[in-house]
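Chain by chain, the residues run as shown.
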Amino acid sequence: MQQTTVQAALAGARASSPVTIAYAGIGLAAGVVGAEAGLSAAEVGLLSLLLFAGSAQFVFADLYAGALVTLVGTVFLVNLRHLLYATALSPRVQHLPLSARVVIGAQLTDETFALGTSLMGQRLQRAAWMIALNVTAYSAWVTGNVAGALLGALAGAIEAIGLEFALAGMFSALLLGQIRAGGHAGIRCAVAGLAGVIIIALDSWQPHPLNLMLTTVIAASAGVLIEQAASGRRDEEAA
């Protein structure tokens, strides 16, 4: 039985729970960092509404007092990877209206992309599912940011909780979900390991925001080539 729009939206909101829980904690930390950089709670809230990118917001806080060109350029480079996410997601949503695709693309994050592609299959049946997933995560992120900014004076106490673990824990869980989704688990493990080696090597040599983008391109390209080679061998064996 096909889902209605309301049912799809409710299912998407429920599916976002692993991300929303993590976003609330990480958003709290981002709000604290923003307050320490001199932003008011209203400014932190506006920033989280407009930018909606954890790593970019931490970069913004670090460069807030610096040159505008450096700030804008760095945030742009840090978020450039979202073009890859949109490209990868495009075949699954190309049947949807342009307006729905624009909304989905504008709200993509690392986590909602990973979670969404793991759960939606090869085709998104209703736009409401992905939009609800994104909006629920978005709401948790903005709420966490504002709360963190309001609690900025308690930064020491908040850091003692160990909120930085939420980010690593969330990405680890999403990685496991990606590996387990569908077949080719061995290939996905190999690609994840390759990506880890590359990013560590690049950051050890020269830390730079482009390292993540370069790592993503290299590891993803290697994964595609490996899957194509494996598929070719299977076809030959079947023949």
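Above this text sits the structure in question.
Residues numbered from 1 in each chain as written. Predicted model: local features only at pLDDT ≥ 70, side-chain atom pairs only at ≥ 80, totals over all residues. Heavy atoms only, no water.

1. Notes on helix H3 (residues 41–51)
Helical geometry: 3.6 residues make up each α-helical turn, so side chains three or four residues apart lie on a common side.
For step 1, the next point in the chain: Within H3, the full set of buried residues consists of Val44, Gly45, Leu47 and Ser48. Down the axis, H3 shows its buried residues gathered within 160° of arc, on one side only. Opposite the buried face of H3, by more than 90 degrees, sit the exposed residues Ala42 and Leu50.
For step 2, the next point in the chain: Structurally, H3 contributes buried residues whose contacts are with helix H2 (17–36), helix H4 (54–63) and helix H9 (127–150).
For step 3, the next point in the chain: At the exit of H3 stands Phe52, carrying a positive phi of roughly 45°. (Buried < 20%, exposed > 50% of the residue type's maximum accessible area, 1.4 Å probe, protein only. Helix = DSSP H or I, 4+ residues; strand = E, 2+ residues; numbered from the N terminus. Arc of directions from axis to C-beta. Contact = heavy atoms within 4.5 Å.)

2. Observations concerning a nonpolar patch on the surface
For step 1, the next point in the chain: A cluster of nonpolar side chains, contributed by Leu46, Leu49 and Leu50, occupies part of the molecular surface with about 320 Å² of accessible area.
For step 2, the next point in the chain: Within the secondary structure, Leu46 is located in helix H3.
For step 3, the next point in the chain: Overall, Leu46 belongs to the partly exposed group, its relative accessible area being 49%. (Patch = residues over 30% accessible without salt bridge, like charges linked within 9 Å, V, L, I, M, F, W, Y side chains within 5 Å. Areas by Shrake-Rupley, 256 points an atom, 1.4 Å probe, with all protein chains shown as cover. Salt bridge = Lys/Arg side-chain N within 4 Å of Asp/Glu carboxyl O.)

3. Section: the nonpolar core
For step 1, the next point in the chain: Counting residues in hydrophobic clusters, the biggest one holds 28 residues, and the most contacted among them are Tyr23, Leu89, Leu96, Ile104, Leu124, Trp129 and Met130.
For step 2, the next point in the chain: If you list the elements that add at least two residues to this core, you get helix H1 (5–15), H2, helix H6 (82–93), helix H7 (98–106), helix H8 (110–119) and H9.
For step 3, the next point in the chain: With eight residues, the top contributor of residues to this core is H9.
For step 4, the next point in the chain: Filtering out sequence-adjacent residues up to four positions away, Ile104 remains in contact with Leu89, Leu96, Leu124, Ala127, Met130, Ile131 and Asn134.
For step 5, the next point in the chain: Ranked by size, the runner-up nonpolar core spans eleven residues in total, among them Leu39, Ala56, Val75 and Val78. (Core = buried A, V, L, I, M, F, W, Y, C linked by side-chain atoms within 4.5 Å.)

4. Some points on H4
For step 1, the next point in the chain: Buried within H4 we find Ala56, Gln57, Val59, Phe60 and Ala61.
For step 2, the next point in the chain: Along its buried surface, H4 packs onto H2, H3, helix H5 (68–79) and H9.

5. Focus: the packing of H3 against H4
Angle between the axes and distance between the axes are the two parameters that describe a pair of packed helices.
For step 1, the next point in the chain: Between H3 and H4, the shortest axis-to-axis distance is 10 Å and the interhelical angle comes to 135°. As the angle between them shows, H3 and H4 are arranged oblique. Handedness of the H3/H4 crossing: right-handed. Every residue of H4 that contacts H3 at Leu47, Ser48 and Leu51 is listed here: Ala56, Gln57 and Phe60. (Axes fitted to C-alpha atoms, helices over the stretch in contact; angles between N-to-C directions. Parallel < 35°, antiparallel > 145°, perpendicular 65-115°, else oblique. Left-handed = near helix turned anticlockwise from the far one by under 90°.)

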